[in-house]
Amino acid sequence: MYLKPIEVNNIIYSIDMLRLKTRITFSLFSELEFRLKTIWKDRLKRQYVSSEPYSFKYNYVVTSGEDNSFWFGFFHNSEVSSQNENTKYNFTVEFNPNKIKDDNILKYILNMAGDWYIKSYDVAIDIKVNILDIIYDMSGKRVAHIISNGYDDRTIYLGKGDGRIKIYNKKKERGLNVPYELTRVEISKELKDFSISNIKLYKFSGNLPVLYLNQYLYTFKDYEDKTLLGLLYAVQNGFPLRDLTRVYKKKVKNLLEGGYKILFDDKGINKALSQTILYYFINNVRVKWI
């Protein structure tokens, strides 16, 4: 299920998507193409050419196992072709480490160059509770979208672009036969060509999700403010925390902060990303590690 999971306080962190970039020549790309059309032809799921300005001209989708695949693209349409055969162009590969793992074609691709950069990644955070037992705050996001197929089959999207968050019932989504509930929180991060040779220096930046467990135990003191009590009950039963007034939102959050906030660890994210990068590149002699 995981490639290089990191567990902190019974919360599991792993990398669920990785988009890496390097630069190679047309000659080197032709060697890869030849292999895909000959010795690896059974693995070639799809190839296509795109003229879209924000896309790559040459695109390939390669199968890995029964239901998995990964993509790579070469020569971005924003680049200008040169007559110099030594000119290098954008080569980008995107894959899910938790699913692809030890794929031989992927390892060949990652060994084609030494100077690789992280363009983006998704960190998967798994919590062993049901999604119905989680209360979410907007976590600094302005946009929220919820898709519900009934009961605990739901997906929550918070924000857009860099730092966007997705929360869903992982146990139901994958049909997992495990003796516990499982909610997955995914954070998507976009980076500005972060060199993998500096991976040990990487530090997660941005807002971590603000989630609470729906397990608040009422006390006699809570009955002193019946409005607060009623609003807390409403929030526990699905009323959006963001729709409360500023005053009562703060009061409800103060109640939930006391032992019911899920504590995420950015160090767990850093370590999961570092371990995943090291797994794929530690044997690449061209990489000069710091």
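Here is what the cut-offs are and how they apply
- Residues numbered from 1 in each chain as written.
- Predicted model: local features only at pLDDT ≥ 70, side-chain atom pairs only at ≥ 80, totals over all residues.
- Heavy atoms only, no water.
- Helix = DSSP H or I, 4+ residues; strand = E, 2+ residues; numbered from the N terminus.
- Contact = heavy atoms within 4.5 Å.
- Areas by Shrake-Rupley, 256 points an atom, 1.4 Å probe, with all protein chains shown as cover.
- Patch = residues over 30% accessible without salt bridge, like charges linked within 9 Å, V, L, I, M, F, W, Y side chains within 5 Å.
- Salt bridge = Lys/Arg side-chain N within 4 Å of Asp/Glu carboxyl O.
- Buried < 20%, exposed > 50% of the residue type's maximum accessible area, 1.4 Å probe, protein only.
- Axes fitted to C-alpha atoms, helices over the stretch in contact; angles between N-to-C directions.
- Parallel < 35°, antiparallel > 145°, perpendicular 65-115°, else oblique.
- Nonpolar A, V, L, I, M, F, W, Y, C, P; charged D, E, K, R; others polar.
- Arc of directions from axis to C-beta.
- Pairing = 2+ DSSP bridges.

Side note on the overall build of the chain
Each helix and strand counted, the chain has seven helices and 13 strands in total. A principal-axis box enclosing the C-alpha atoms of the chain has dimensions of 80 × 40 × 35 Å. Residue pairs at least 24 apart in sequence account for 64% of intrachain contacts in the chain once pairs closer than 6 positions are excluded. Accessible surface computed for the chain: about 15900 Å², of which carbon and sulfur atoms make up 48%.

Focus on the side chain of Asp103
By the element assignment, Asp103 lies in the loop between helix H2 (97-100) and helix H3 (104-110). Setting aside residues no more than four positions away along its own chain, Asp103 makes contact with Arg43, Thr63, Ser64 and Phe70.

Structural notes on a nonpolar patch on the surface
On the surface, a nonpolar cluster with roughly 350 Å² of combined accessible area is contributed by Tyr218, Tyr223 and Tyr233. By the element assignment, Tyr218 lies in the loop between strand S13 (211-213) and helix H5 (226-236). Its relative accessible area of 33% is what places Tyr218 among the partly exposed residues.

Remarks on the packing of H5 against helix H6 (residues 246-257)
Relative to each other, H5 and H6 sit at 70°, their axes nearing to 10 Å. One way to sum up the angle between H5 and H6 is to call them roughly perpendicular. Only Tyr248, Lys251, Val252, Leu255 and Leu256 of H6 make contact with H5, whose side of the interface consists of Thr227, Leu228, Leu231 and Leu232. The residue inventory of the contact of H5 with H6, partitioned by class, reads seven nonpolar, one polar and one charged.

Regarding H5
Every buried residue belonging to H5 is among Leu228, Leu229, Leu232, Val235 and Gln236, and all of these are buried. On an axial view of H5, the arc spanned by its buried residues comes to 125°, and they lie on one face. Away from the buried face of H5 by more than 90 degrees, exposed residues Lys226 and Tyr233 are located. Elements that come into contact with the buried residues of H5 comprise strand S8 (134-136) and H6. After H5 finishes, the residue Gly238 shows a positive phi value of roughly 110°.

Describing the environment of Ile6
Residue position: Ile6 is located in strand S1 (residues 6-8). The exposure class assigned to Ile6 is buried, which follows from its relative accessible area of 12%. Sequence separation between Ile6 and Lys267 is 261 residues; the distance between their C-alpha atoms is 9.7 Å.

Quick notes on the pattern of salt bridges
Evaluated as defined, the whole model comprises 13 salt bridges. Notably, a salt bridge pairs Arg43 with Asp103, separated by 2.4 Å at the nearest N-O pair. With Arg43 in the loop between helix H1 (26-37) and strand S3 (44-49) and Asp103 in the loop between H2 and H3, this residue pair connects regions lying 60 residues apart in the sequence. Across the pair Asp126 and Arg184 runs a salt bridge whose closest N-O atoms are separated by 2.8 Å. Remark: Arg184 occurs in strand S12 (residues 183-195) and Asp126 occurs in strand S7 (residues 117-127); sequence separation between them is 58 residues. Taken individually, Asp126 and Arg184 each receive the classification buried, so the pair is uniform in this respect. By sharing partners, the salt bridges in this structure join Asp16, Asp126 and Arg184 into a single network.

Some details on the pairing of strand S9 (residues 144-148)
Relative to strand S10 (residues 154-158), S9 is paired through five bridges, and the arrangement is antiparallel. What sits directly across from Ile146, in S10, is Ile156. Where S9 folds back on S10, the antiparallel hairpin that results is connected by five residues, among which Gly150 adopts a positive phi of roughly 105°.

Description of unusual backbone geometry
With phi around 50°, Lys101 is a residue other than glycine that occupies positive phi space. Inspection of the secondary structure assignment puts Lys101 in the loop between H2 and H3. Even without being glycine, Tyr151 reaches a positive phi, approximately 50°. You can see Tyr151 is positioned in the loop between S9 and S10.

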